[in-house]
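# A structural walkthrough
Residues per chain, in single letters:
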Amino acid sequence: MISAAVELAGERMRETMERASDGAGPQEALAAFADFWKSKLAASDFRAGCPIVAAAVDDEHLVPEAKEAVRRVFARWHDLLAGAFTRAGHPPARADALATLGISAVEGAVLMCRLRGSLQPLDDVIAELTPVLA
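Residues numbered from 1 in each chain as written. Predicted model: local features only at pLDDT ≥ 70, side-chain atom pairs only at ≥ 80, totals over all residues. Heavy atoms only, no water.

Once that is clear, we can look at the pattern of salt bridges. Within the structure shown, the criterion is met by three salt bridges. Residue D123 pairs with K38 through a salt bridge whose shortest N-O separation is 2.5 Å. Taken as a pair, D123 in helix 6 (residues 120–133) and K38 in helix 2 (residues 26–43) lie far apart in primary sequence, 85 residues in all. (Salt bridge = Lys/Arg side-chain N within 4 Å of Asp/Glu carboxyl O. Helix = DSSP H or I, 4+ residues; strand = E, 2+ residues; numbered from the N terminus.)

This next bit is on helix 5 (residues 92–116). If you check helix 5, its first and last C-alpha atoms are 36 Å apart, about what 25 residues at 1.5 Å a residue would give, namely 36 Å. What helix 5 keeps buried is the set A95, L98, A99, G102, I103, A105, V106, E107, A109, V110 and C113. Just past helix 5, the residue G117 takes up positive phi, approximately 65°. (Expected span 1.5 Å × (residues − 1). Buried < 20%, exposed > 50% of the residue type's maximum accessible area, 1.4 Å probe, protein only.)

As for its placement among the helices and strands, S44 is situated in the loop between helix 2 and helix 3 (51–57). You can call S44 buried: its relative accessible area is 17%. A distance of 3.1 Å separates a polar side-chain atom of S44 from the backbone nitrogen of R47. (Polar contact = N/O pair within 3.5 Å; in protein donor to acceptor, adjacent residues only side chain to side chain.)

A word on the side chain of E107. Considering the arrangement of structural elements, one finds E107 in helix 5. Comment: no salt bridge for buried E107; closest opposite-charge side chain is R114, at 9.2 Å. For E107, the contacting residues outside a window of four places in its chain are F33, W37, C50, V53 and W77. (Lys, Arg positive; Asp, Glu negative; His and termini not counted. Contact = heavy atoms within 4.5 Å.)

Time to look at the packing of helix 4 (residues 64–87) against helix 5. The geometry of a pair of packed helices is captured by two quantities: the angle between their axes and the separation between those axes. Remark: helix 4 packs on helix 5, axes separated minimally by 8 Å, with the N-to-C direction vectors making an angle of 125°. Relative to helix 5, the element helix 4 is oriented oblique. Our pair here, helix 4 against helix 5, has a crossing hand that is right-handed. Here F74, W77, H78, L81, A82, F85 and T86 of helix 4 come into contact with helix 5, specifically with P92, A95, D96, L98, A99, T100, I103 and E107. (Axes fitted to C-alpha atoms, helices over the stretch in contact; angles between N-to-C directions. Parallel < 35°, antiparallel > 145°, perpendicular 65-115°, else oblique. Left-handed = near helix turned anticlockwise from the far one by under 90°.)

So, on to the confidence of the model for the protein. Do not read the fine detail of predicted coordinates wherever pLDDT is low. Averaged over every residue, the pLDDT of the protein is 83; residues scoring 70 or more account for 81%. Helix 5 holds the highest mean pLDDT among the elements of the protein, 94, whereas helix 1 (residues 2–21) holds the lowest, 69. (pLDDT = per-residue confidence, 0-100.)

A few words on the packing of aromatic side chains. Under the definition given, this model contains three aromatic pairs. Ring centres of F33 and W77 lie 5.4 Å apart, and the angle between their planes is 65°; on these two criteria the pair is classed as edge-to-face. Taken as a pair, F33 in helix 2 and W77 in helix 4 lie far apart in primary sequence, 44 residues in all. Judged by centre distance (5.1 Å) and plane angle (85°), the rings of F36 and W37 are edge-to-face. According to the relative accessible area criterion, F36 is partly exposed, its value standing at 24%. One aromatic cluster in this structure is built from F33, F74 and W77. (Phe/Tyr/Trp six-rings, centres within 6.5 Å; stacked < 30°, edge-to-face > 60°.)

What follows deals with the layout of surface pockets. Space inside the largest pocket adds up to approximately 150 Å³. For the largest pocket, the lining is made up of 12 residues, of which A9, F36, W37, K40 and P51 are closest to its centre. Mapped by element, the contributors of at least two residues to the lining of the largest pocket are helix 1, helix 2 and helix 3. (1 Å grid on protein atoms, 1.4 Å probe; cavity = no way out; pocket = protein on both sides within 12 Å on 5 of 7 lines; lining within 4 Å. Points joined across faces, edges and corners; volume = space filled by probe spheres on them.)

Below is the structure:
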C-alpha cells in the first residue's frame, strides 16, 4: 500500500512538472513544482509535506518495495528535469547536477516553509535558482 501511495504521489508531481516544461524549459518545471507546494502548504495551514520525502526519511520502517518506489519516484523527477536541461542546451553532466540542485532546493524549501509558516522560502529558492538555471 505504501508503494502504491508513493508511486501515485510521485506520478502526480512528475505530470505537473512535465506539463510545465512541455514546450518551455526546466525553469518552468521547477516553478510548477514550487507552485504546487505553495498551494498545498497554504491550503493545509503549512501542515502538508512531501509524502515521498517522508517515506525516504523514515526508510527504516519501509518494506523493500516501498524503498524502491521512493528511489524510482526521485529518479523519474530527476530524469525529467535533467532531460529539460539537456534540451535547453546544457551538457548531460551539468543537466544532471542542475536537476539535483533544483529538486533538493525545492524539497528543502518545503520543509522551511512548514517550519516558518511562510511561503517565502519557496519564493526565495525560485528567485535565486532562476538565473543559475538559465
